[in-house]
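A look at the structure
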Amino acid sequence: SPRVVIVGAGIVGCALADELTARGWTDVTVLDRGPLFRTGGSTSHAPGLVFQVNPSRTMAGFARYTVEKYLALGCFDQVGSIEVATTPERLAELHRRHGFALAWGIAARVLSPAECHALFPLLEPDRVLGGLHVPTDGLARAVDAARAQAQAAIARGAVFHGRQEVTALEDDGVRVGDRHVPADLVVCAAGYWGPKLAPVPLLPLAHQYAVTGPVRGLPSGVPILRHQDRDLYFRETAGCLGIGSYAHDPMPTDVEPPFAAEQFAASLADARALLPGLPDIEHGLNGVFSFTPDGFPLLGPVEGRPGLWLAEAVWVTHSAGVARAVAEWLVDGRPSVDLHECDTQRFEEAQLSPSYVNARGQRAFVEVYDVIHPLDPAGDPRPLRVSPFYARHIALGARFTEGAGWERPLWFEANAGLPVPDLPPRDVWAARHWSPIAAAEALATRERVGLFDLTPLKRLAVTGPGAAAFLQRMCSNHVDRPVGAVTYALLLDEGAGVRGDITVARLGPREFQLGVNSSLDLAWLRAHAPADVHVADITGGTCCVGVWGPAARDLLAPLTTLDLAHEAFGYFTARRTHLDAVPVTMLRVSYVGELGWEVYASAELGPRLWDTLWAAGASVGAVAAGRSALTSLRLEKGYRAWGVDMTAQDDPYSAGLGFAVNLAHGDFVGRAALRPDGPRALCCLTVDDGRTVPAGREPVLADGVPVGHVTSAAYGYSVGAPIAYAWLPRALSTPGQPVEIAYFDERVAATVRAAPLFDPTGSRIRR
Ligand code: FAD
């Protein structure tokens, strides 16, 4: 097996050594600058609270495995957990979190105040509105768990050395002072010191943890407790109460600042307001640990540094699950769970500046217990990336959200005067970041034409003598077609998991333009590209408008000498031309299910392109349209969004993407692992009450039992119903099947439908 050096014997390094050696990789050396196993890292300080519930299925899965493993190792006190609500908004959030628990297979219940009191006697029932109880949560004894996993690894041949500070990572190993330790693979698990050794986008922040004197009436073994409305958590420890606080300002530092009880005064007062009669603080610390821009860990290989991997920014809560996934990835070539949220390569270059990591890391700290809506935009630095149409969009009253650093219009206030259909009332949650204007934009697109800014969608140029052969090997569909052909294809991994869904436009014999999902696709293609193929990210240097709707041809035809008739410029083809003064590439594809083109130009021509389309659009009633309308339109048509509807955990057939797999085109990555009969299917549902619009990640139940979860959802303005896509057992995927969606504290009835709901024959696109 390869020689592996792991830097760091915290809980992550130890867990990884255990998981690697358990898979037969026994040449593992773990080095730590501190003494083993109380090294002085974050693990040494962690009070070890494990709350498994998480909006992310992957993170919840990591936590579940960690609980099972540490329980089996005898390092886990399964005392259960309670998260309390002191505001109606938090109580609603606890119901939402209960939904995540159901969706991800974690037993949980929302308790009354009296039930909270019964489990945690210091909690007076009149102080809380309710609580979320997870009986399998509890306390990991973090250093014991690290030691136990290290010992298991040592028994299989791993070697651990304390007091060995790695001073540099080298191409073929690591440097410890003047000594070179050779390795084929180096995994940096150095916790918050990671950035000193490798490009690790994390921010070390200090966090207050304090312990009271003995608490009267505190039974041992009470559940761990969270009071998110005041940024506090609690655990019992030898008759005293340990209290952690995120209520203070972020403290960026890589040395532990001294603890002063007066700094904790406000948090202690908040704690006493919940748990009356708490004694004073006896001791405390400011422990340091890692925060990333999006709160997720940093796992996997580092681009451009062969042999270097990261297992960074991981909580005790997720440590064993992360270690298992990274070990599978290393040993088997792919993890068994979807890691796209955690992949080291998920960030764009503009998200890797120290200032970005600093601003977003601090925000992740501040928001750690906040109620976050899926569409809540992140804060500074904004605006960071804007399309060339930005100024025009501001003038049209765009309401923006943000993703991958890009400003993205949700809708345009300038459209407020457009006719809006009769819509059912929305609850507060579903009304956030939504406007009836989105309905008007969606209908205007179906009736006339909408102009959609597609600039933030990632585009690559793949060029060179070997480009066609390379893409044939990477894509599930036949893409080595004549110049001008556009193909929808999947990027599969070796296990036939869907890594991405892409459009491949052949613009020349050796030149392809790809519309991809994210920087992960770029990294994947670059990692596989042979020497005679060049893969370039052209997103920032170009721009794109989706011109979609029945009047798209009328809008565009006067601007070009090209024949835009269906017979001359067919569906899924590409041409280069001019629109008035602007050189463009036009792809006849649509993400909304209407006639139309994606129009690409280089970025400096963007404002001129927008003005040209805008002026030409006046005569056909074109509107600027945002993402809120786009999501509704795409779901009416059943078009998937990668990362939400399907991931590398899903195979193409189950995801309803079998049409993009062409077994006749020869060998391609993932082909050998394709299986047509997966146990689950991505299904289209409509909500029976006609008004409840899920947000995504809600559990779906059949006969009261959780059977799946919602991926994307939106109100379908043309079909007049809320639409939700959901993964369900194949046996429940037949149209007409009744199910329920758990939405906050309600169970709303929904029905599986034949998809797509709108224009199932696709006649509107092909005309
Ligand atoms: P660490 O434990 O920091 O291990 C990294 C190791 O790398 C260290 O031992 C260090 O000595 C070594 N190292 C660094 N640089 C080098 C080098 N150059 N050469 C050799 N060795 C090096 N998480 C929870 O899940 N629940 C909690 O309740 C919880 N509470 C917390 C409370 C506090 C006060 C703190 C500080 C953290 C808390 N955390 C909690 C977070 C959790 O402790 C960490 O996320 C986790 O321990 C990180 O584990 P690690 O192995 O990645 O890092």
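Below: a short report on this structure.

1. Some words on the overall build of the chain
Helix and strand counts for the chain come out as 18 helices and 40 strands. In terms of C-alpha radius of gyration, the chain reaches 27 Å, essentially the compact-globule figure of 27 Å for 767 residues. Along the longest, intermediate and shortest principal axes, the C-alpha atoms of the chain span 80 × 65 × 50 Å. Looking at the chain as a whole, 60% of its 767 residues qualify as buried. By sequence separation, contacts in the chain at least 24 residues apart represent 71% of the contacts at least 6 residues apart. Summing over all exposed atoms, the chain offers an accessible surface of approximately 27800 Å²; the carbon and sulfur share of this is 53%.

2. Quick notes on the pairing of strand 20 (residues 298-301)
Pairing geometry for strand 20 and strand 21 (residues 308-312), over 4 bridges, is antiparallel. From the neighbouring strand, Leu 298 faces strand 21, where its bridge partner is Glu 312. Between strand 20 and strand 21, which follow one another and run antiparallel, lie 6 residues, and Gly 304 among them has a positive phi close to 80°.

3. Regarding the packing of helix 13 (residues 436-447) against helix 18 (residues 627-637)
Interaxial distance between helix 13 and helix 18 falls to 8 Å at its minimum, and their mutual angle equals 55°. In terms of orientation, helix 13 and helix 18 fall into the oblique class. Crossing of helix 13 over helix 18 shows right-handed handedness. On the side of helix 13, the interface is formed by Ala 438, Glu 441, Ala 442, Thr 445 and Arg 446, while helix 18 contributes Ser 628, Ala 629, Leu 633, Glu 636 and Lys 637. Residues that form the contact of helix 13 with helix 18 fall into these classes: 4 nonpolar, 2 polar and 4 charged.

4. A closer look at the site of the ligand
Around the ligand sit 34 residues in total, of which Asp 32, Thr 39, Thr 43, Val 314 and Thr 317 are the nearest. In this structure, an oxygen atom belonging to the ligand sits 2.5 Å away from a side-chain N or O atom of Asp 32. Contacts to the ligand include Val 316, whose backbone N or O atom sits 3.1 Å from an oxygen atom. Burial of the ligand by the protein chains amounts to 97% of its free accessible area of 990 Å². Looking at the shell around the ligand, the elements with two or more residues in it are helix 1 (11-22), helix 2 (42-45) and strand 19 (281-291). The biggest single contributor to the shell around the ligand is strand 19, with 4 residues.

5. Quick word on the packing of aromatic side chains
Within this structure, the stated rule accounts for 22 aromatic pairs. Ring centres of Tyr 233 and Tyr 246 lie 6.1 Å apart, and the angle between their planes is 50°; on these two criteria the pair is classed as tilted. One end of the pair, Tyr 233, is in strand 16 (residues 232-237); the other, Tyr 246, is in the loop between strand 17 (240-245) and strand 18 (251-252), and 13 residues separate them in sequence. Given a relative accessible area of 4%, Tyr 246 falls into the buried group. Seen from the ring of Phe 569, Arg 575 lies directly overhead, with NZ or CZ sitting 5.1 Å from the centre.

6. Some points on the sheet that holds strand 1 (residues 4-7)
The mixed open sheet is built from 6 strands, whose spatial order is 9-2-1-13-21-20. Both edges of this open sheet fall to strand 9 (159-161) and strand 20, since each of them pairs with a single strand only. If you compare each strand with its neighbour and ignore which way they point, the axes differ by 20° on average. Pairing between strand 1 and strand 2 (residues 28-31): 4 bridges, direction parallel. Across the sheet, Val 7 pairs through a bridge with Leu 31, a residue of strand 2. Strands in contact with helix 9 (residues 319-332) are strand 13 (185-188), strand 20 and strand 21; relative to strand 20, the strand with the most contacts, it is inclined by about 10°.

7. Focus: helix 18
Buried residues dominate helix 18, accounting for 9 of its 11 residues. Along helix 18, the positions that sit buried rather than exposed are Ser 628, Ala 629, Leu 630, Ser 632, Leu 633, Arg 634, Leu 635, Glu 636 and Lys 637. Looking at the buried side of helix 18, the elements it contacts are strand 23 (406-412), helix 13, strand 24 (449-453), strand 30 (542-548), strand 37 (705-716) and strand 38 (721-729). Remark: Gly 638 follows helix 18 within two positions and exhibits a positive phi of approximately 75°.

Conventions and cut-offs
Residues numbered from 1 in each chain as written. Predicted model: local features only at pLDDT ≥ 70, side-chain atom pairs only at ≥ 80, totals over all residues. Heavy atoms only, no water. Helix = DSSP H or I, 4+ residues; strand = E, 2+ residues; numbered from the N terminus. Rg over C-alpha atoms; globule rule 2.2 N^0.38 Å. Buried < 20%, exposed > 50% of the residue type's maximum accessible area, 1.4 Å probe, protein only. Contact = heavy atoms within 4.5 Å. Areas by Shrake-Rupley, 256 points an atom, 1.4 Å probe, with all protein chains shown as cover. Pairing = 2+ DSSP bridges. Axes fitted to C-alpha atoms, helices over the stretch in contact; angles between N-to-C directions. Parallel < 35°, antiparallel > 145°, perpendicular 65-115°, else oblique. Left-handed = near helix turned anticlockwise from the far one by under 90°. Nonpolar A, V, L, I, M, F, W, Y, C, P; charged D, E, K, R; others polar. Near = heavy atom within 4 Å. Polar contact = N/O pair within 3.5 Å; in protein donor to acceptor, adjacent residues only side chain to side chain. Phe/Tyr/Trp six-rings, centres within 6.5 Å; stacked < 30°, edge-to-face > 60°. Lys NZ or Arg CZ within 6 Å of the ring centre and 35° of its normal.

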